[in-house]
Amino acid sequence: MNRRIFLKSTLASAALLSVQGCNSLASQPAKQEYWMPTGDLGIVIERADGKVALVNTSSREKLAEIEGLGDLSHASAVFSRNERFAYVFGRDGGLTKVDLITRSIDRRVVQSGNSIGGAISQDGKLVAVSNYTPGGVQVFDSETLAPVLDLPAVGKDGQASKTVGLVDAPGQRFVFSLFDSGEIWLVDFSAAEPKVTRYQDIGKQPYDALITPDGRYYIAGLFGEDGLALLDLWHPEKGVRRILPGYGRGQQRLPVYKMPHLEGWAIAGNKAFIPAVGRHEVLVVDTNTWTEIDRIKVHSQPVFVMSSPDGRQIWVNFAFPENKHLQVIDSDNHRHIQHLEPGEGVLHMEFTPRGEAVWVSVRNNNEVQVFDTQDFSKLATLSIDSPSGIFFTARAHRIGL
Amino acid sequence: MKRSLISQVRFTRGCPARRIKQGLGLALLLASSTACMAESSLDVKRQQELTYMLKHDCGSCHGMTLKGGLGPSLLPNTLSSKGHNIESLSLIIRYGKPGTAMPPWGPVLAEEDIRWIATQLLETN
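Note that the structure is a prediction, hence the values are computed from the model and not measured.

## Concerning the sheet that holds strand β10 (residues 137-141) of chain A
Whenever strands of a sheet pair, they do so through backbone hydrogen bonds, lying parallel or antiparallel. Residue and element names in this part refer to chain A. Here we have 4 strands laid out as an open sheet, ordered β8-β9-β10-β11, and antiparallel in their pairing. Pairing within the sheet leaves two strands with one partner each, and these edge strands are β8 (114-120) and β11 (147-151). Along the sheet, successive strands turn relative to each other by an average axial angle of 20°, direction set aside. With 5 bridges connecting them, strand β9 (residues 126-133) and β10 associate as antiparallel partners. Residue pairing for β10: Val-127 is matched across the bridge by Phe-140.

Below is the structure:
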């Protein structure tokens, strides 16, 4: 009763209005937290314990821990487009739908033996997961997590392949790469029957991929050779072409103790900043011509190379055993502007939606540190167990994230 | 010129770590009891560092529970079914596997560390 009166008296609040509608439809119990908006929420993977921490990027605090997500040693997440649910992809093949409002697991399926990541479709209705074991991609209904499509990735070599670099693309499509057989597959869900286009011989061992923020270019990084594979999704009929072939110039690579990651963040203006594999370099690519325009010497082997939302700064973290360092590069003149040492095990960074701050996972310290992107001062330190991936709900509205 | 790899390996008998631990509390003893299963001259601290590294850094490819990921499963059953022993695992850890994503760990680990990890992989987890 009290709640109804309260809601009627605050009709000016759009957020409350929408929640009232939601409550009446689902006949949810009246709990204060149901009224909470989610636009400044996010999750941090607590990789050792199968938990995620729910965080607020405005108040810079941990709100809750949600347990029971299985093996999260390599995990990532996407968000429903209403920003209420996080879909967390765990190493054990678990796909967990986490409700950020009730702070609980909405539902969970173990969809394979071993998964690597996933994506949500353009319309928000499908969630796709890429797998190592038994390989391939599985697609689920985002509401119910009921299976929609099981797509084994049997490559040109006749073997089931590990799949990597799965992203959503405009036109209700998913794109991913086959690590073992060196292929890129494009799956189109816009018609009643999903249609798969296979691109073979795209290069040796694609290890991860990104799609540009406009959804036009899909770029797979190659581990088995120096170079990247580029697919123009505006002209998929033109096929995949190689870019930056032989960027290592024939020199011996250094041992790679951690695979680099590629994400749409790597694009800043008309430049792409790409981690070089087995080298202490970030490659700068002109996105009009897809040719190399510079290479920036960095502290060690880069893992994540991430542009701030305004494209002005490039933040770089590094592979074991140099993973206590963090470098910041000016995207305009390619000069180093900051070198931070937050602690051992800097695994991931995430910018707040408009980039005034960046959150950094410092695994060995069991901390997430928040830095000001203007003066690089530390704004907050959150105590979070073995943090790895940080994912804010603003990703819900970004292509490829 | 290919050097004999096996002859470089120095076997260390006994477990000094076990002696060190006698003076410590039961909690630590339990926490690191797995570590001392390996016959090694590594001290407890180093064994704990390597356990952490195995879980998190090796685990970034092989899975934190070592059941596989981009890299193959390293569970004892899988390894023994492939006919691995301490020598073969030590060689792979030290030199990596060319043509795959497995890097050589020789530049960052001592031979003693490598043999301890190989022993752990075959015996525990």
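## Notes on the packing of aromatic side chains
The relation between two aromatic rings is expressed through the spacing of the ring centres and the mutual angle of the planes. Under the defined criterion, the tally for this structure stands at 9 aromatic pairs over all chains. Ring centres of A:Tyr257 and B:Trp105 lie 4.4 Å apart, and the angle between their planes is 45°; on these two criteria the pair is classed as tilted. Note that A:Tyr257 is positioned in the loop between β19 (240-243) and β20 (267-268) and B:Trp105 in the loop between α6 (86-95) and α7 (111-123), a pairing that runs across two chains. The burial state of A:Tyr257 is the same as that of B:Trp105; both residues are buried. Through successive ring pairs, a cluster of aromatic residues spans A:Tyr257, A:Phe320 and B:Trp105. Here A:Arg198 stacks its cationic end above the ring of A:Trp185, 4.4 Å away from the centre of that ring.

## A short note on the pairing of strand β30 (residues 367-372) of chain A
Residue and element names in this part refer to chain A. Here β30 lies mainly inside the structure; 5 of its 6 residues are buried. Direction of pairing for strand β29 (residues 357-362) relative to β30: antiparallel, over a ladder of 6 bridges. Paired with Val-358 across the bridge in β30 is Phe-371. Connecting β29 to the next strand, β30, in antiparallel fashion are 4 residues, including Asn-366 with a positive phi near 55°. What sits between β30 and strand β31 (residues 378-383) in their antiparallel hairpin is a turn of 5 residues, with Phe-376 showing a positive phi close to 65°.

## Brief notes about the sheet that holds β31(A)
All names here are of chain A. Taken together, 4 strands build an open sheet; the order of strands is β28-β29-β30-β31 and the sheet is antiparallel. The open sheet has two free edges, formed respectively by β28 (346-351) and β31, since each of these has just one partner strand. On average, each strand axis in the sheet is inclined to that of its neighbour by 20°, with strand direction left out of account. Both β28 and β29 contribute to a ladder of 5 bridges, which runs antiparallel. Counted as the bridge partner of Glu-350 is Trp-359 from β29.

## Let's talk about α6(B)
Three or four residues apart is the spacing at which side chains of an α-helix point the same way, because the helix has 3.6 residues per turn. All names here are of chain B. By the burial criterion, the buried members of α6 are Leu-89, Ser-90 and Ile-93. Each buried residue of α6 lies within a common arc of 100° when the element is viewed along its axis, so the set occupies one face. Next to the buried residues of α6 lie α5 (76-81) and α7. You can read the cap of α6 off the contacts: a side-chain oxygen lies 3.0 Å from the backbone nitrogen of Glu-87, and it is on Asn-85. Looking one or two places after α6, you find Gly-96, whose phi comes out positive at around 75°.

## A few points about the side chain of A:Arg363
Relative to the elements of secondary structure, A:Arg363 occurs in the loop between β29 and β30. Among the residues examined, A:Arg363 registers a relative accessible area of 3% and is labelled buried. Among the polar contacts made by the side chain of A:Arg363, one reaches the side chain of A:Asn364 at a distance of 2.9 Å. Looking at A:Arg363, its side chain comes within polar contact range of the side chain of B:Tyr52, at 3.5 Å. Every residue in contact with A:Arg363, bar those within four places of it in the chain, is listed here: A:Arg47, A:Asn323, A:Glu344, A:Gly345, A:Leu347, A:Ser386, A:Pro387, B:Tyr52, B:His56 and B:Asp57.

## Concerning the packing of helix α4 (residues 44-62) of chain B against α7(B)
Residues and elements named next belong to chain B. In contact at an axis separation of 11 Å, α4 and α7 are set at 60° when each is read in the N-to-C sense. Remark: the crossing between α4 and α7 carries right-handed chirality. In this structure, α4 uses Arg-46, Gln-47, Leu-50, Thr-51 and Leu-54 to contact α7, whose residues at the interface are Asp-113, Trp-116, Ile-117 and Leu-121. Looking at the contact of α4 with α7 residue by residue, the class counts come to 5 nonpolar, 2 polar and 2 charged.

## Here's the deal with the environment of A:Asp214
All names here are of chain A. Summarising the element assignment, Asp-214 is placed in the loop between β16 (206-211) and β17 (217-222). Here Asp-214 falls in the partly exposed class, since its relative accessible area comes to 48%. A C-alpha to C-alpha distance of 8.9 Å links Asp-214 and Gly-400, two positions 186 residues apart in sequence. When sequence neighbours within four positions are dropped, the list of residues in contact with Asp-214 reads Pro-170 and Ile-399. Among the polar contacts listed, one links the side chain of Asp-214 to the side chain of Thr-212, at a separation of 2.6 Å. Within the structure, Asp-214 has its side chain in polar contact with the backbone nitrogen of Arg-216 (distance 3.0 Å).

Reading the values: rules and limits
- Residues numbered from 1 in each chain as written.
- Chains lettered and ligands numbered in written order.
- Predicted model: local features only at pLDDT ≥ 70, side-chain atom pairs only at ≥ 80, totals over all residues.
- Heavy atoms only, no water.
- Pairing = 2+ DSSP bridges.
- Helix = DSSP H or I, 4+ residues; strand = E, 2+ residues; numbered from the N terminus.
- Axes fitted to C-alpha atoms, helices over the stretch in contact; angles between N-to-C directions.
- Phe/Tyr/Trp six-rings, centres within 6.5 Å; stacked < 30°, edge-to-face > 60°.
- Buried < 20%, exposed > 50% of the residue type's maximum accessible area, 1.4 Å probe, protein only.
- Lys NZ or Arg CZ within 6 Å of the ring centre and 35° of its normal.
- Arc of directions from axis to C-beta.
- Contact = heavy atoms within 4.5 Å.
- Polar contact = N/O pair within 3.5 Å; in protein donor to acceptor, adjacent residues only side chain to side chain.
- Left-handed = near helix turned anticlockwise from the far one by under 90°.
- Nonpolar A, V, L, I, M, F, W, Y, C, P; charged D, E, K, R; others polar.

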